[in-house]
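Fold and geometry: a report
Spelled out from the first residue to the last, the chains are:
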Amino acid sequence: MSISRERVSLVPGAPKSWRILDKVQEHLTLANTFGVLGALLALACLFYFPPAVSIRVLLYAIVYIWTFLRPRMALYLTPFAVAWGSLDALTVAGISLTSADILVLLLFASWLCSHVIRPRMGSNRPQAGPFDRTGYNLPRILSIGLLALLLAMLVSIPTALSFKTSLKEIAKWLEVAILLCLGSQYLRTRQQVWTLVIMCILAGISQAFMGYAQYMFDLGPQSFVRGSGLRIYGTFNQPNPYAGFIDMALLITISLTLLGRNWATRILAGGATILLGAAFVLSQSRGANIALALALVFLCIVGFPRLNVLVRLGVIVLLLLFAAYCANLIPEHYVTPILHKLGLAGISFVNPHDEDFSTAERLAHWIAGINMFLDHPLLGVGIGNYPNAYPRYFITIFANPLGHAHNYYINIAAEAGIFGFAGLFTFLFSIFLTGKRVLHILNKRIRIAKKEVYPTQVRTGAESFEQRRTLYLASLLSNDRALAIGLIASLLAICLHNLFDDLYVHNMTNLFALLIILLTRLPDITLKQ
């Protein structure tokens, strides 16, 4: 006669081992199992690892469980991981991993586990945790652009001087692909989208305060002193990528301040703009200043259509001034001080002055990158291999490869040839085409909402519930439109800044991916709202 496990402990005269086994099975729930394993892990860390390692292991274990139960948390934590992850880098098999890399791996692991668990749960699975997501929803044109970039990088590997360096660069862009393809599935509501926006802004503000401390206490190398002050650099080791990171959040807050629908949004965004703007100014990055200025022009053109006439007049005036300078109609003594201030005059590659050393170094790297491309026009020197090939191409005294060409477009052409440059252009073109589509959808919905909320009875105060609801929806749509314009301006600033530097460092590609996700999800979450 067989006895069911549930009734073992109730059978008279049952062996004691059966009773013990029955008690163990009764308490062997998933939550208790995780608790026991966590306690064992804590004890192991306490007795067998140094304190620094113990804290890391426990912290990442908590984050893993949290991410598995709520995969969206990986997206929320990524902006802070990008900002501060370089302080806690791990080296595994010679490859440096930061918390931003680990979060992407945890997101992928959670998504993978959901596919493993799904068949076993059948139709009873809850719409929560790893199952709280939609299907694949990345726009087709963006998927094609991303695939074109990855394929172009893969094709360049056979020409690489260092296979390991190529794999590291491709891994960086594979993280972008994972975030775009999977991260967009976990942002389902308007609240989730705006929560991620707030996280991006708060991460920028945290770096701004770090910069203030560096400026106040002169916490930086002498080479970062320009004029009477220190160029702040946060945790990015250089002022230029730091300014690029601040710029991503700054343009979003500027857009919300100028275009937000309600005063609460404008006041909060305005306060964040002041904090971020002060840190941006203290970084003293000329490339970031140019990118910000041009992105603000875009923001004004799109956000304030009535100013288009003034913007066009300004462009015409600038073109006329440039033509007059080329025709020697403007005296040199008016122009030369401005060019010296920008570091565009009196540049020497042999004996550069302190004021123009950075400009001369940047131009030297541009020349080296262009020469690499001319020697390897099809496949380049191998993705990620610009520093490895640089010793054969450097000019005069600039023998330090610096890791990149100080112009990402020259850099990708040098490393991956014409196919890499075309792949990057396709990817960026797909991003801004998607942005144009998002703005078109939001503008159309705002026009429809305005037609519904301004009939005669609304003006006289006799509006119905549906009309008040539509008025509220129009307000939400206006804020979403302001956010969309800010996101596009931020992405544009990154592309412009990459003309003078390489912002795809320090895991900022992951933050770049988050901005794209936010932009692509806006029309869908607004429709659900």
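This is a predicted model, so every value here is computed, not measured. (Residues numbered from 1 in each chain as written. Predicted model: local features only at pLDDT ≥ 70, side-chain atom pairs only at ≥ 80, totals over all residues. Heavy atoms only, no water.)

Next up on the list: the overall build of the chain. Of the regular secondary structure elements, the chain holds 19 helices and 4 strands. Burial status across the chain gives 46% buried among its 529 residues. Carbon and sulfur atoms provide 69% of the accessible area of the chain, an area that totals close to 27100 Å². (Helix = DSSP H or I, 4+ residues; strand = E, 2+ residues; numbered from the N terminus. Buried < 20%, exposed > 50% of the residue type's maximum accessible area, 1.4 Å probe, protein only. Areas by Shrake-Rupley, 256 points an atom, 1.4 Å probe, with all protein chains shown as cover.)

With the rule as written, the count across this model stands at 3 salt bridges. Between Lys-172 and Glu-169 there is a salt bridge, and its shortest N-O distance comes to 3.1 Å. You can see Lys-172 and its partner Glu-169 sitting in helix H7 (residues 163–186), 3 residues apart, about one turn around the helix. Just as Lys-172 is buried, Glu-169 falls in that class too. With a closest N to O distance of 3.1 Å, Arg-190 and Asp-480 form a salt bridge. On the criterion of sequence distance, the pair formed by Arg-190 in helix H8 (residues 190–217) and Asp-480 in helix H18 (residues 465–497) is long-range, its members being 290 residues apart. A relative accessible area of 14% means that Arg-190 is categorised as buried. (Salt bridge = Lys/Arg side-chain N within 4 Å of Asp/Glu carboxyl O.)

Here the focus is empty space enclosed by the protein. One pass over the full model with this rule turns up 2 cavities of 30 Å³ or more. Within the residue set of the lining of the largest cavity, elements represented by two or more residues are H8, helix H9 (239–259) and helix H19 (508–528). With 4 residues, the single largest contributor to the lining of the largest cavity is H9. Counted by class, the lining of the largest cavity contains 7 nonpolar, 1 polar and no charged residues. (1 Å grid on protein atoms, 1.4 Å probe; cavity = no way out; pocket = protein on both sides within 12 Å on 5 of 7 lines; lining within 4 Å. Points joined across faces, edges and corners; volume = space filled by probe spheres on them. Nonpolar A, V, L, I, M, F, W, Y, C, P; charged D, E, K, R; others polar.)

A separate point is the layout of surface pockets. Of the volumes computed, that of the second largest pocket is approximately 990 Å³. Every residue lining the second largest pocket is counted, 37 residues in all, and those nearest its centre are Ser-96, Asp-101, Lys-168, Lys-172 and Asn-507. Among the elements of the structure, helix H4 (72–84), strand E2 (95–97), helix H5 (99–121), H7 and helix H16 (408–453) are those that each provide at least two residues to the lining of the second largest pocket. When residues of the lining of the second largest pocket are assigned to their parent elements, the largest contribution, 9 residues, is made by H7. For the lining of the second largest pocket, the residue count by class is 18 nonpolar, 12 polar and 7 charged.

Another aspect to go through is the side chain of Thr-359. Note on placement: Thr-359 falls in helix H14 (residues 357–375). For Thr-359, a relative accessible area of 8% translates into the label buried. Separated by 3.3 Å, the side chains of Thr-359 and Arg-286 make a polar contact. (Polar contact = N/O pair within 3.5 Å; in protein donor to acceptor, adjacent residues only side chain to side chain.)

Residue placement: Leu-299 occurs in helix H11 (residues 286–303). Taking the C-alpha atoms as reference points, Leu-299 and Ser-490, separated by 191 residues in sequence, lie 9.7 Å from one another. When residues no more than four places from it in sequence are discounted, the contact partners of Leu-299 are Leu-251, Ile-254, Ser-255, Leu-258, Leu-259, Phe-304, Ile-485 and Ala-489. (Contact = heavy atoms within 4.5 Å.)

Glancing now at a nonpolar patch on the surface. On the surface, a cluster of nonpolar side chains totalling about 570 Å² of accessible area is made up of Leu-307, Val-309, Leu-310, Leu-313, Ile-316 and Leu-320. Residue placement: Leu-320 occurs in helix H12 (residues 308–326). (Patch = residues over 30% accessible without salt bridge, like charges linked within 9 Å, V, L, I, M, F, W, Y side chains within 5 Å.)

Right, let's get into the environment of Ile-232. Tracing the chain through its elements places Ile-232 in the loop between strand E4 (229–230) and H9. Look at Ile-232 and you get buried, because its relative accessible area is 0%. As for Ile-232 and Leu-219, which are separated by 13 residues in sequence, their C-alpha atoms are 8.5 Å apart. Ile-232 has contacts with Gly-211, Gln-214, Tyr-215, Pro-239, Tyr-242, Ala-279, Leu-282 and Ser-283, leaving out every residue within four places of it along the chain.

Under the criterion given, the structure shown has 13 aromatic pairs. Look at Phe-425 and Phe-429: their rings are 6.2 Å apart centre to centre, the planes differ by 20°, and that puts the pair in the stacked class. With a gap of 4 residues between them, Phe-425 and Phe-429 both fall in helix H16, about one helical turn apart. Classification of Phe-425 by relative accessible area gives exposed; the value is 54%. What makes Phe-429 partly exposed here is its relative accessible area of 47%. Taking 6.5 Å as the distance between ring centres and 75° as the angle between the ring planes, the aromatic pair formed by Phe-427 and Phe-512 counts as edge-to-face. Of this pair, Phe-427 sits in helix H16 while Phe-512 sits in helix H19, and the two are 85 residues apart along the sequence. Residue class for Phe-512 comes out buried when judged on its relative accessible area of 1%. Pairwise contacts between aromatic rings join Trp-173, Tyr-408, Phe-427, Tyr-504 and Phe-512 into one cluster. Positioned above the aromatic ring of Trp-263, the side-chain terminus of Arg-266 is 5.7 Å from the ring centre. (Phe/Tyr/Trp six-rings, centres within 6.5 Å; stacked < 30°, edge-to-face > 60°. Lys NZ or Arg CZ within 6 Å of the ring centre and 35° of its normal.)

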